Amino acid sequence: MALKTFPKIILCLLLVSNWANGKDKESSLQYDVKEVVTGLNFPWSLAFISDNQFLVTERTGKLRHVVNFTLSKPITGLPEDIYVNGQGGLQDVVLHPNYAQNGWIYLSYSAGTDERNTLKVMRAKLENNHLVDSEVIFTVEPYRSTPVHYGARLAFMDDNSLLISSGDGFDYREDAQRKNNQMGKILRVLDTGETPTDNPYIGETEKNLSAAVYSIGHRNPQGLVYDLNRDLVFSNEHGPAGGDEINIIKRGDNYGWPIVTNGKDYSGAIITPFKKYQGMRQPLVDWTPSIAPSSLAMYNGVMFPQMRGDLLVSTLKSKEILWIQMQGNKVVDQQSFLSELGYRFRDIKVHPDGSLYVLVDNEQGKILRVTSKSG
Ligand SMILES: [Ca+2]
């Protein structure tokens, strides 16, 4: 089958300043950008099935199978209670680490009504463009009445447990510090949705909503990645006005929101007097003013060898991709690219060949493929 080609090819050259830390990286990043898929309504996440196949969600409630850059009709069999409003709708899609054997696809979505909704996680298998064997494996509690701050990213760890980022619901920010509440948390469950026996707060609270809690004190974490090489979890989250963060997520730790932040309320009001607090972790990266980080990827591909072991962040507000250059577990520099396009970016994923796939957040949304010009 012939590849669909698009005439719009953009050649870009990013000049990257030298830095004096000795990390052996090239001094410039040259890349091509191609639109490989168009016609998507607010695409939210992408999961590669193979070199030429992937799944893509549209927040407005559709899941598509893309083969050789050709979009399928919407996959049928999605839940009927998907709540599309505000920031809510169909959100993340990831494959089970043993997908090739078991075929499990995991999806996150907001479900319910204006008055009563929450974040759910389901799994299903794909057969003839239809989801079968569907089951909801996790429902965040309690429900809320806001259509924003779901978090909703999913990431598998190397023991096949599943991390779920859960936002604070905006109006419920104090709940981010309450262990007996699953909002404003990173949650961790088994691939069946059951609670692992080694989570940090099991049995600590009356209803035991804390059993699935892995870390507390988050606002709206929309980036989540498990780095196999470092055996570390990284997450980024939206702060209020200022105070966007990347954090290294450790089991049982407190990331501070809303007691600690470098941001302010959108009104300009002070949220907290504290920028540090005993027992609460400081971010690995703070962005003040806000950039609105929407996803996080770890680059271990071959096409851009200078990016290996580094993080990539897509952003909505600052309309760029950030290359977060690491040395060990420390950030040594940040470089911006793709800002010349002027798009809000919702997600970035690394293809098996090392190219970058970037989702444009728009009602005429699309997928861009970024390849090395020099390689
Ligand atoms: Ca924090």
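Here the structure is a predicted model, which means the values were calculated and not measured.

Participant: Explanation requested: the pattern of salt bridges in the structure shown.
Facilitator: Two side chains of opposite charge can pair, provided their charged atoms sit close to one another. Under the defined criterion, the tally for this structure stands at 18 salt bridges. When the shortest N-O distance is used, the salt bridge between Glu 35 and Lys 366 registers 2.8 Å. Taken together, the residues span a long stretch of sequence, with Glu 35 in strand E2 (residues 28–40) and Lys 366 in strand E25 (residues 365–372) at a distance of 331 residues. With a closest N to O distance of 3.4 Å, Asp 92 and Arg 153 form a salt bridge. Residue Asp 92 is located in strand E7 (residues 90–95), and its partner Arg 153 is located in strand E11 (residues 151–156); the two are separated by 61 residues in the primary sequence. According to the relative accessible area criterion, Asp 92 is buried, its value standing at 2%. A residue is classified by how much of its surface remains accessible, and Arg 153, at 3% relative accessible area, is buried. A cluster of three or more residues bridged by salt bridges with shared partners is formed by Asp 92, Arg 153, Asp 347 and Lys 349.

Participant: What is the right way to look at the sheet that holds strand E16 (residues 232–238) in this model?
Facilitator: Adjacent strands of a sheet form backbone hydrogen bonds with each other and so pair up, either parallel or antiparallel. Taken in spatial order, the four strands line up as E15-E16-E17-E18 in an open sheet, and their pairing is antiparallel. Bordering the open sheet on either side are strand E15 (220–227) and strand E18 (285–287), each of which pairs with just one other strand. Adjacent strand axes in the sheet meet at a mean angle of 15 degrees when their direction is disregarded. Looking at chain direction, E16 and strand E17 (residues 244–249) are connected through five bridges and run antiparallel. Looking at E17, one finds that Ser 235 is bridged to Asn 247.

Participant: Would you take a moment to explain the pairing of strand E24 (residues 356–360) for this structure?
Facilitator: Side-chain positions along a regular strand alternate between the two faces of the sheet. Counting buried residues in E24 gives five out of five residues, a clear majority hidden from the surface. In terms of strand pairing, strand E23 (residues 345–350) meets E24 through five bridges, oriented antiparallel. When the bridges of E24 are listed, Lys 349 appears paired with Tyr 357. From the end of E23 to the start of E24, which pair antiparallel, there are five residues, and Gly 354 there has a positive phi angle of about 95 degrees. Examined bridge by bridge, E24 and E25 share five bridges and lie antiparallel to one another. Residue pairing across strands places Val 360 opposite Lys 366, the latter belonging to E25. Hairpin connection from E24 to E25: four residues lie between these consecutive antiparallel strands.

Participant: Which parts of the structure should I look at to understand the coordination of the calcium ion?
Facilitator: Where a metal carries four tetrahedral donors, each ideal angle is 109.5 degrees; where it carries six octahedral donors, the ideal angles are 90 or 180 degrees. Only Glu 245 (OE), Glu 245 (OE) and Tyr 255 (O) from the protein coordinate the calcium ion, and they sit 2.3 to 2.6 Å from it. Here Tyr 255 lies in the loop between E17 and E18 and Glu 245 lies in strand E17, a separation of 10 residues in the sequence. Taking relative accessible area as the criterion, Glu 245 reaches 5% and is therefore assigned buried.

Participant: Even after reading the chapter, I still don't get the packing of aromatic side chains, so can you show me in this structure?
Facilitator: Each pair of aromatic rings is reported with the distance of its centres and the angle of its planes. Inspection of every chain in the model, using the stated rule, returns 10 aromatic pairs. When the centroid spacing of 6.5 Å and the interplanar angle of 25 degrees are considered together, the rings of Phe 69 and Tyr 357 count as stacked. Placement of the pair is Phe 69 in the loop between strand E5 (62–67) and strand E6 (70–71) and Tyr 357 in strand E24, with a sequence separation of 288 residues. For the pair Phe 69 and Tyr 357, a shared accessibility class is recorded, and that class is buried. Here a set of aromatic residues connected by ring pairs shows up, and it is made of Phe 48, Phe 54, Phe 69 and Tyr 357. Over the ring of Tyr 143 we find Arg 116, and its NZ or CZ is 3.7 Å from the ring centre. Positioned over the ring face of Trp 104 is Arg 123, at 3.9 Å from the centre of the ring.

Rules of the game
- Each chain has its residues counted from 1, running along the sequence as written.
- Under the rules for a predicted model, residues below a pLDDT of 70 receive no local features and side-chain atom pairs below 80 are neither given nor counted, while totals for whole chains, interfaces and linings still include all residues.
- With hydrogens and water excluded, all non-hydrogen atoms of the structure serve as input to the side-chain values.
- For this document, the term salt bridge refers to a Lys or Arg side-chain nitrogen within 4 Å of an Asp or Glu carboxyl oxygen.
- The helix count covers DSSP runs of H or I at least four residues long, the strand count covers runs of E at least two residues long, and both are numbered beginning at the N terminus.
- Remark: exposure states derive from per-residue accessible area (1.4 Å probe, protein chains only) relative to the maximum for the residue type, with buried under 20%, exposed over 50%, and partly exposed in between.
- DSSP calls a pair of strands paired once it identifies at least 2 bridges connecting them.
- For helices, the fitted line uses only the C-alpha atoms of the stretch in contact; every axis is such a line through C-alpha atoms, and the angle between N-to-C directions lies from 0 to 180 degrees.
- Only nitrogen, oxygen and sulfur atoms qualify as donors, provided they sit within 2.8 Å of the metal or within 3.2 Å for Na, K and Ca; with water excluded from the atoms, sites may seem incomplete.
- Only Phe, Tyr and Trp rings are paired, with Trp represented by its six-membered ring, and only when their centres lie within 6.5 Å; those with planes under 30 degrees apart are stacked, over 60 edge-to-face, the remainder tilted.
- In this analysis the charged atom, NZ for Lys or CZ for Arg, is taken to sit over a ring once it is within 6 Å of the ring centre and within 35 degrees of the ring normal.

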